[in-house]
Amino acid sequence: MQNQRDRILGAAFICPMIVPEKQERTVPAHSIIAADQQFLATLTKQEVDDFSSNQVVLDEYNWQRYSNEVLAGCQIADVHFLEKIQQSYGFSFHLENIMFHQPSLFLLGKQNAVVGYKDAFDVLDLFPRATFSILDRAGHNLQIEQSNIFLTLMSEWLDRVNESNRSFFL
């Protein structure tokens, strides 16, 4: 981002990892906000265990999206490659050394037990054109658990990027 900042028209951060070291992140304990017990009874014990350890809203809609979008990706993931990435998991530059003046969006899950939401407050002032939303009923898979507001906020952000950069698109 540092070397090509003028080419970046906007930035959207969906459940961003602000602090690379897991033990230093401010995260809430994992919690379940809503669960459809009747639907959960149709799943295997392993499916329920996996689903409930990764999501905070447990219902059929969330299961279908989680299964098709998250589990499907995990099943084909290159584990060796992912382990390599996790050895150097942070940005290649210091966040506190930037000021980003383009339209930005931070979408954070209030119940995100993976990266949390509180650490993002530390970078908010570096993004003067940022919309900063902390969504209840959302963990690390916010785009699934709060899909309607996710789509609304993403559309609004894209509108701001387009508006801000009209001359670029001509």
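Here the structure is a predicted model, which is why all the values come from computation and not from measurement. (Residues numbered from 1 in each chain as written. Predicted model: local features only at pLDDT ≥ 70, side-chain atom pairs only at ≥ 80, totals over all residues. Heavy atoms only, no water.)

Proximity of charged atoms lets side chains of opposite charge pair with each other. For the coordinates displayed, the defined rule picks out 3 salt bridges. A salt bridge links Arg 160 to Glu 156; its shortest N-O distance comes to 2.9 Å. Taken as a pair, Arg 160 and Glu 156 lie in helix α6 (residues 147-164) at a separation of 4 residues, close to a single helical turn. (Salt bridge = Lys/Arg side-chain N within 4 Å of Asp/Glu carboxyl O. Helix = DSSP H or I, 4+ residues; strand = E, 2+ residues; numbered from the N terminus.)

Moving on, we get to the nonpolar core. Soluble globular proteins: nonpolar side chains tend toward being buried together. Ranked by internal contacts, the top residues of the largest apolar core, which has 13 residues, are Phe 13, Ile 18, Phe 106, Leu 108, Val 123 and Phe 127. When residues of this core are traced back to their parent elements, those giving at least two are β1 (11-14) and β4 (104-109). For Leu 108, the contacting residues outside a window of four places in its chain are Pro 16, Tyr 117, Ala 120, Phe 132, Ser 133, Ile 134, Leu 135 and Leu 142. Residues Leu 105, Ala 138, Leu 142 and Leu 153 belong to the second largest nonpolar core, which totals 12 residues. (Core = buried A, V, L, I, M, F, W, Y, C linked by side-chain atoms within 4.5 Å. Buried < 20%, exposed > 50% of the residue type's maximum accessible area, 1.4 Å probe, protein only. Contact = heavy atoms within 4.5 Å.)

Here we come to the side chain of Ser 104. As for its placement among the helices and strands, Ser 104 is situated in strand β4. For Ser 104, the residues in contact, after removing those within four places along its chain, are Ala 11, Phe 127, Arg 129, Ala 130, Thr 131, Trp 157 and Arg 160.

What follows deals with the packing of helix α2 (residues 45-54) against helix α3 (residues 60-76). The packing of two helices is summarised by the inter-axis angle and the distance between the axes. The geometry of α2 relative to α3 is characterised by a closest axis approach of 11 Å and an angle of 90 degrees between their N-to-C directions. Considered as vectors, α2 and α3 are oriented roughly perpendicular to each other. On α3, the residues touching Glu 47, Asp 50, Phe 51 and Asn 54 of α2 are Asn 62, Trp 63, Tyr 66 and Leu 71. Of the residues assigned to the contact of α2 with α3, the class counts are 4 nonpolar, 2 polar and 2 charged. (Axes fitted to C-alpha atoms, helices over the stretch in contact; angles between N-to-C directions. Parallel < 35°, antiparallel > 145°, perpendicular 65-115°, else oblique. Nonpolar A, V, L, I, M, F, W, Y, C, P; charged D, E, K, R; others polar.)

So, about the packing of aromatic side chains. For the structure shown, the criterion picks out 10 aromatic pairs. Judged by centre distance (5.2 Å) and plane angle (75 degrees), the rings of Phe 51 and Trp 63 are edge-to-face. Here Phe 51, found in helix α2, pairs with Trp 63, found in helix α3; they are 12 residues apart in sequence, far enough to count as distant. Residue classification places Phe 51 among the buried residues on the basis of a relative accessible area of 0%. (Phe/Tyr/Trp six-rings, centres within 6.5 Å; stacked < 30°, edge-to-face > 60°.)

Here the focus is α3. Look at α3: 23 Å from first C-alpha to last across 17 residues, which is about the 24 Å you get at 1.5 Å a residue. Maximum bend of α3: about 35 degrees, positioned at Ser 67. Where α3 is concerned, the buried positions are Asn 62, Trp 63, Arg 65, Tyr 66, Val 70 and Leu 71. (Expected span 1.5 Å × (residues − 1). Bend = angle between axes of the 7 residues up to and from the residue.)

This part takes up the environment of Leu 71. One can find Leu 71 in helix α3. For the pair Leu 71 and Leu 151, spaced 80 residues apart in sequence, the C-alpha to C-alpha distance is 21 Å. Setting aside anything within four residues of it in sequence, one finds Leu 71 in contact with Asp 50, Trp 63 and Tyr 66.

Moving on to the pairing of β4. Among the 6 residues in β4, 6 count as buried, and that is most of the element. Burial along β4 is two-sided: the residues Ser 104, Phe 106 and Leu 108 and Leu 105, Leu 107 and Gly 109 are all buried. Two strands pair when backbone bridges link them, and β1 and β4 are joined in this way by 4 bridges, in the parallel orientation. Bridge pairing in β4 places Ala 12 opposite Leu 105. (Pairing = 2+ DSSP bridges.)

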